[in-house]
Every structure is written in C-alpha cells, then in structure tokens.
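Coordinate analysis (summary)
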Amino acid sequence: MRLHIKNGRLVDPATGKEGSGDLFISDGKISEPFSKPEKTIDAKGLVVSPGFIDLSARLREPGYEYKATLESEMDAAVAGGVTSLACPPDTDPPLDEPGLVDMLRRRALSLERARVYPVGALTMKLQGRALTEMAELAEAGCVAFSHANVPLADTQVLWRALQYAATFGFAVWLRAEDAWLAKGGVAHDGEVATRLGLPGIPGFAETIALSTILELARATGARVHVCRLSTSGAVELMRRAKAERLPVSCDVGIHHVHLCDMDLGYFDANCRLEPPLRSQRDRDALSRALADGTIDCLCSDHTPVDEDGKHLPFAEAEPGATGLELLLPLALKWGRARELSLAATLERITCAPARVLGVAAGSLAPGAPADLALFDPAAALRVTPEALKSQGKNTPFAGYELQGRVRTTIVGGNVVYEG
Amino acid sequence: MQRNPQLNAKGELQHLLSIEGLPREVLVQILDTAESFAGVTEREVKKVPILRGKSVFNLFFEPSTRTRTTFEIAAKRLSADVINLNIAVSSQSKGESLLDTVANLSAMQADIFVVRHGSSGAPYLIARHVKPHEHVVNAGDGRHAHPTQGLLDLFTIRHYKQDFTRLTVAVVGDVLHSRVARSLIHGLTTLGAPEVRVIGPQTLLPSGVESLGVRVFHDMRAGLKDCDVVVMLRLQSERMGGALLPSAQEYFKNYGLTAEKLRLARPDAIVMHPGPMNRGVEIDSTVADGPHSVILPQVTFGIAVRMAVMSIVAGN
Amino acid sequence: MKLPDAEKLCEQLAAELRPRIDAKSAMIGLYTGGAWLAERLHKLLDMKSPLGLMDIAFYRDDYHAQGLHHDPKRTRIPFDVNGRDLLLVDDVLYTGRTVRAAMNELFDYGRPGSISLVVLADRGGRELPICAQHCGARVEVPAGMRLRLTRADDGRLALALEPSRAA
C-alpha cells in the first residue's frame, strides 16, 4: 500500500526534528515523497510519531488466558499506539524452550497488529537453577533473556548466566531485587507500610541487588538492561555505571514516575505493583533521571490481572497494572511536568527502547519501518477501566483526567487501528 | 485523596475500620457512649433493646476465641442476634473468595459484620463492597489495626487517668507485628497525649515508626522512666529463635516487665496488656497480678466499648 | 407569648408532692431538663433516698430512624427500685414516648411498687396512653416549636420556646 499522510505535525525523536509536513509510505517503509498514493490520511491537528515501543507487556499467553488473551492485549497495544512490544518470559509454562517462543511469535504474527519480541527465560522454568538453551531460543526469536519478576537468589547461577549470555552477545534483562530482603514484602518499607501494617521491602533490597548485577556485568562483560528501577539509590548506581561506560541500560515503569506509596490510600490493590511504589523522593528522582538520560526508557509494564486477582486484601492481591493504553498519555504527562519537548518525551518510548531491543524502529527517516502512531496530544482522556481494550481493567489511574489520544496506528505500512 | 471510608457523607461513623483518621469528636463520642454502657453492664439485667431485630455476623477468618466472645456478649447485650462464623475452617478452605462469602451472608440480611482477618486491609475491601445499610467493624486485620482494642485501651486509660493531655504512655514489645499498638498510638496522639513511647529491640519496631508520633527507646529502663501508663504487648512464641529474637529468656531479661523495672515508672502508673499474656516472657506474674495491673478491668470495659461501637455504627 | 415562671412552678410542684413523700419514695430525673428539675425538687423536698438520673438513649423507639443520640449520659440509680414508690421527673410531657422508654429502662432495674410521673409542663399532643400525676402547668405550644427547660449559670430554671429540630 502506498500511503500519504498529510497535514500532520511530524515529530521524529531520533533526530529531535518537529514540524508540519507530509510523510510517504511504501512497501511497509517510510519512503521519499511520491505522487499518486493509493490512500491519503489527513492528519490535521495530529502528531505523527514513530509507533511506541514497550519493553514490557505481558500478553498472558500461554497459560493465563483467563486474565487476558493475545487478541485482547494486541488490540490494547495498537489502541495505545504501541507498534512493538517485548513480552517477559513469565508465562505458564515460561518461555524456556524454542517451541513455545516460535508458537507465540506465529500467533502474534497472524493477528497482524503490533510486533511482538519475546524475551526468553534465563533459567529453566525460571527456577534459578539450570540455564536455558539461549542460542536456540535466540534463533526462535528471543531478543533477550530475563528472569521477569521471579527471584534469582543464587548469585552463582546469575554469574554463570551472564557469562554464558556474554559468550554469544545476548542481552540480559534483570530486575534488581534481593530475594531475601524482599521476602514476604508487599510495599515500600517506610512510613506508609508502617502505618498500614504491610510487610515492607526496603529500598536497599534494590541497591544491594543492583550492585551485585553491576559488579557481575563488569566481570563478565554481559550486556545488561536493568528493568523497573524504583529507588533514588538505584538511579545513582546507574549514573555511576554509565559514567564508567559499562554496557548497561535501564528503564522505569509508567506508574513509578507518577505515583508513590502515599497513593496506596486505603489499601488500593491496584497500587500493588512489582517493584512496590516507593517514597515521593524516589519517585521524583526517577522522574528526573528519566529526563536527564540516566534512565533510558519508559515502559508500561503492562500486567493485566483479572478481578479475582485484585479483589483481595492488599497483600494477597496479584501485583501489576494494565498499562499499554496509558503509555502515551502518561508519558506526555511526565514530559509536560519536566517541561520537555514532545520529541524528547517521545524519545523515551520510541527510539530509546528501540536501541535496547536492537531493532531499527523509532524513526521517521526514509527506509525506517512504517510503524507510526498518529495522536492528538491535547485530547482529554478520562481513564475509564471498562473502556479499555485490554482485558485487564486494573489501573491505579482510574478516574484520572489525562491528555493524549491515539487516532491511528500503522504497523508495517498497514493501518491496524483507527479510533 | 479518597474520602475516609469509615465515615458517611455527614461525617458520622458508618464502619469502624481504624482509629487512624477518626476525628477527635468521634473518639470522644465512642468513649462517652461506652461510659453509659458500662452502667448497663453493672446492672442485674445487662441488656438493652437497642439492636433488637438486627443481625451481627462474627466473621473470623483468623481464630480468636477471646475477641469473638467479647463481641458476641456485646451484641447480645444490645439484643442483636449473633451468628458466629469461623471461616478459617469453612468456606475459605473450599476456595470461596472473601467477597463471595460476604455477599452470601449479606443475602441472609446481615446488619453488622465483625471481621477478623489475617491480612492488613481486609475489612476495607469488605466495607467497599457491602450494601449501604450494612456496617463493618474491624476486629483485627493483619498488623494494621484493632480499633476496638485501641478504644478499650483508651477507655481504660481515661477511666484511671481522666486527662490524656498530661500523660506519658509507653508501649513495650513487638510493635512491628502489633495491630493493637498501631491503633492505640493513633488514638493517644489524636486525644492529645503529649508523650507516647515505644520500647523494644530494633527488630521488633517497624521502620519509620517515629512518623506515628512516638519516641523510640531501646533501653526499657530509660523508656519506663516517669510513665503514667505502661502497655505491654504480647510476644508470640513463633517470633522466637529466628532472626528477630534469640530467645524468650533474653527477651524477658531486656524487655520483660518486672516489679523492679516498674518502679521506674510513676508510683501511680497503671499496667495494661491486650491479652492473652505470656507470663514470664513479656510480663512477670507479680506485675500482672499486682496493684498496678488493670488487665482484667480492660476486659470488662471491652464489652461496653464494643456495645458503643456497634450501636453507633448501626444507627448511622 | 408568655410562658409560666419555672421557678414558681417548682415551688408549687414541691408543695404538691410534699405530703406524698415517705420512706418508700425515691426520685428519678430524666436527662437533661428532667434531671435539673429533679435535682431541684429532690433538694426542696429534702428526700432521704439518693436521687436517680436516667438517660433513655438505649431505649428510644426512633433509633432505627435517628441512630444513637450523641453523648448519652450514664444512667445512675443509686438505690434498689424494687418495691419503691418512684417519682419519675421530666421537664415537658409531649408525645409520651420518652416516658414509655423510661419505664422500660426502669423495669430492667427491678419491679417498682409504683411509678408517678411529675412534669413541669404538659404541652398535650400525646401519642401514647400516658398522663402526668403531677403537672406544673399546661402550655400551648405553636406548631413547629419545641418547649424545653433551660438552666442559667446561677442555676435558675426557665421554660423556653425554640424551633423544633424537625422543622
């Protein structure tokens, strides 16, 4: 399909360029201008941006189809302007063998919506004992290896896993949380947890684990991406590691740049997240670090949970929040609060995560894949869980008045969503 | 911020979930009403007709004979019908969810749910899902709150000491796991007690406990000095011998209340304990049964306080 | 409109009651106005048995509509009611519902020999078959108004009209 998008405000985070103009698409790629398009889209009043890239979205298949299905979550992705997403390996069974990965990719491909990049399990069944066949898994389509939110307490296994991954140049994505210090905890260990009588996870559970990870990255030379930073201490450690030019990157979840433990209110199970929402000070440090580049990218950490999983006392509720459809409005809210340009804001959900994924997306340059999001940055959006496409209605942002609505999503030159 | 889920639109007590966040006037109203009910419990006919025709469901997801019994007596003295459900061994083990259990009981025309649950915040979840005419009274949730115990402690203190604004109160022991301590501390600070102390080893004090408005002491002798009220907390045996405490002997030596240590408090100090007591672990028998102890009156007052709470919430 | 002088009514009621007082008599006042009146009469009559004071909050018949009244006082009856001839004292008699509640509460303390009702003013409007044996005055009260006893800082009692809470 030869497509012409006219009258839009083009924002290319890769170059930082913003301005009104036309965009041409052919053969699924951004192309030089041409005449006689087969279809023209009038993007008057809309921003034309590379489609969003989400480093963590749980699609719940295989194994948790009662929480969400690939269909529902892929609908949610494109409705949120997300054109590429990485899914963590904590499915049931976990993504620890090539057949599972292959099946997931084929299922996703057949739906013709967003591009799905599976992240393979670092150890068999995520049990933290035996390594997976990483090379085989990579061949089947895994872009990286991780342990999702499952604790990997045995540091010798972690060391070996990083050595092995480094051998082949595979990236390893890790959450930084000391399994023993976090044991039994459900909230940030601080005043709020003390008041509510919730078992706490101290902030140093993250910095201690991150120190270990960084030391092992230094020793092994593995490419490490640290997932979901939650503390100001971890931000400082990442800042130093980057100054030292370690091959490390990191991300933060959308909830953690906006919310803190005070938002637990009266035991709001929608605020039961992994990592836990931390103090106001931590939140502000994360927000700043994302702006100054210490934190590379922002992700939705999309985790659809069914009602049965949330209608429970706080500590018993299943952690996680739905997020694919809120990634853009919450990124815009963050960018406005930090007084960033639109291009700088969008960089954190386009070309920055593309670099972590190692894919050639996130740009409007001719030759780049025609994955686009056309959105109205000023359109009001009242968060109504029932209206979400995702099967997960679990969000602490219910009732929030946000701005930013996706109107059209294009993947590989095909319109996959129109709202 | 959401509205305090315990209060209705008029600011009246609809559920009792926690002492935290209750205005001073509401606390005083409960204590004054309890004072009137204390008169009733001293009569020959210890019953008033106020909750005639109402049903009180004692929903105990965690076993507790003592608290359940005091709620049962209180409800019966208000002429309510009481149904005891020991959920720990019934539907939950069959996999029924908390809210399904509540919905089922609600269909049986409940008016008050008295809830004991092992998980902090469980009564809030229930209160969010009950019908407008139904009321939830928290009988202890996880480590979070035990508001009727806190209120009966406040009632006891007021009974013996009248004015809160001149008192030094020490809460001794396992504050980390104690819902009783949290409720009492909130109550004391709301009613204007100028100095509330917590005494215990660092392993038994929650992080940032100072934010509750208390002074922290690790040395019991220093902490007891000139106290008007000493509240001993129960130390559960399962806390022993792990990473929290090495042994009951060492704990008693450092944090057990003996007659000798009590002499550091004011001569007219009262000693309280929410029960059940571990004699020789947190408190010596000579103190538990001694002239400063008001542990048994606490139990008696507990009934009047629970009568007050149920009659107030059920009317709002 | 001119209301009767409560102080004069007290004297008058005391004079009326004096011949009835004997060893079996005891007095109980109902909070709040009735308690003030009872305190006064108890003193004027120089009664031997201590005064009882009663708050009928837990016996009211409007709990289901109104909830529990704020700040109920503690009922204190410092004598054995069994066999006693009780003088139940209230300030104003209106629907009779308060007296019904008071009698119910009294019987939870025992079986009195008799109960007589003493009120300062009767404003009519009875909804129950209750009447006062000793009444200071009959008072017409305009619709939407409430008649109640007040006590000044110096202890002087007076009747007052105020808009009723329901209006």
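Everything below is about the structure printed above this text.
Everything numeric in this text was worked out from a predicted model, so none of it was measured. (Residues numbered from 1 in each chain as written. Chains lettered and ligands numbered in written order. Predicted model: local features only at pLDDT ≥ 70, side-chain atom pairs only at ≥ 80, totals over all residues.)

Describing the overall build of chain A
Note the cut-off: In this text, helices come from DSSP runs of H or I with a minimum length of four residues, and strands from runs of E with a minimum of two, each type numbered from the N-terminal end. As defined in this context, the radius of gyration uses C-alpha atoms, and a globule is described by 2.2 Å times the residue total to the power 0.38. Neighbour density around each residue's C-beta defines its exposure: 20 or more other C-beta atoms within 10 Å make it buried, 12 or fewer make it exposed, and counts between make it partly exposed, where C-beta atoms are placed from the backbone.
Along chain A, the regular secondary structure elements total 14 helices and 18 strands. Against the globule reference of 22 Å for 419 residues, chain A gives a C-alpha radius of gyration of 20 Å, in line with a compact fold. When the backbone C-alpha atoms are referred to their principal axes, chain A occupies close to 65 × 45 × 45 Å. The proportion of buried residues among the 419 residues of chain A is 59%.

Considering the sheet that holds strand 6 (residues 52-54) of chain A
Residues and elements named next belong to chain A. Cut-off, in case you're wondering: When DSSP locates at least two bridges between a pair of strands, those strands are taken to pair. Under this scheme, a helix contributes an axis fitted over its contacting stretch, all axes are lines through C-alpha atoms, and angles between N-to-C directions fall in the 0 to 180 degree range.
Read from one edge to the other, the open sheet built from eight strands follows the order 6-7-8-9-10-13-14-15, with strand pairing classed as parallel. With one partner strand each, in any of the chains shown, strand 6 and strand 15 (297-299) form the two edges of the open sheet. The sheet shows a mean angle of 25° between the axes of neighbouring strands, direction not considered. As judged from the three bridges shared by strand 6 and strand 7 (residues 82-87), these two strands associate in the parallel manner. By the bridge assignment for strand 7, F52 is matched with V82.

Examining the interface of chain B and chain A
Just so we agree on the cut-off: For the purpose of contact definition, each residue receives a C-beta atom placed from its backbone, and two residues are in contact when these atoms lie within 7 Å. Residues are grouped as follows: Ala, Val, Leu, Ile, Met, Phe, Trp, Tyr, Cys and Pro are nonpolar; Asp, Glu, Lys and Arg are charged; all remaining types, including Gly, are polar.
The interface is formed by 26 residues belonging to chain B together with 19 residues belonging to chain A. Broken down by element, the residue count for the side of chain B that touches chain A peaks at three residues, all from helix 4 (residues 122-129) of chain B. Residue composition of the side of chain B that touches chain A, by class: 11 nonpolar, 11 polar and four charged.

What to know about the interface of chain B and chain C
If you look at the interface, chain B gives 16 residues, while chain C gives 16 residues. Contributing elements (two or more residues each) for the side of chain B that touches chain C: helix 1 (24-41) and helix 11 (295-315) of chain B. At seven residues, the largest contribution of residues to the side of chain B that touches chain C is made by helix 1 of chain B. A per-class count over the side of chain B that touches chain C returns six nonpolar, seven polar and three charged.

Observations concerning the pairing of strand 1 (residues 55-60) of chain B
All names here are of chain B. As a reminder of what qualifies: We call a crossover right-handed when, viewed with both strands directed away from the observer, the connection leading from the first strand over the helix to the second proceeds clockwise.
Of all six residues making up strand 1, five are buried, and the element is well covered by its neighbours. In the sheet, strand 1 pairs with strand 2 (residues 81-86) via six bridges, with the strands oriented parallel. The residue bridging L59 from the neighbouring strand is L85, located in strand 2. Between strand 1 and its parallel partner strand 2, the chain crosses via helix 2 (residues 65-77), and the hand of that crossover is right-handed. Taken together, the five bridges between strand 1 and strand 3 (residues 112-117) define a ladder with parallel strand orientation. Along strand 3, the bridge assignment pairs L59 with V115.

Focus: the packing of helix 1 (residues 6-17) of chain C against helix 2 (residues 33-44) of chain C
Pairs of packed helices are described in terms of their axes, by the angle between the two and the distance that separates them. Residue and element names in this part refer to chain C. Our working rule: With respect to orientation, any angle under 35 degrees is reported as roughly parallel, any angle over 145 as roughly antiparallel, any angle of 65 to 115 as roughly perpendicular, and every other angle as oblique. Helix crossings are classified by the rotation of the near helix relative to the far one: an anticlockwise turn of less than a right angle makes the crossing left-handed, while a clockwise turn makes it right-handed.
One can describe the packing of helix 1 onto helix 2 by two numbers: an axis separation of 10 Å at closest approach and a directional angle of 55°. Here helix 2 runs oblique to helix 1, going by the angle between their axes. In this structure, helix 1 crosses over helix 2, and the sense of that crossing is right-handed. Side by side, helix 1 and helix 2 meet where C10, L13, A14 and L17 of the first sit next to R40, L41 and L44 of the second. Classifying every residue of the contact of helix 1 with helix 2 gives six nonpolar, no polar and one charged.

Thoughts on the nonpolar core
Residue and element names in this part refer to chain B. Counted only if it meets this: In plain words, the nonpolar core is the set of buried Ala, Val, Leu, Ile, Met, Phe, Trp, Tyr and Cys residues that C-beta atoms within 7 Å link up.
Ranked by internal contacts, the top residues of the largest apolar core, which has 167 residues, are F113, V171, V172, V230, V231 and M310. Here this core gets 12 residues from one element, more than from any other, and that element is helix 11. Among all residues touching V231, those that are not within four sequence positions of it are D153, V169, A170, V171, V172, L184 and M272.

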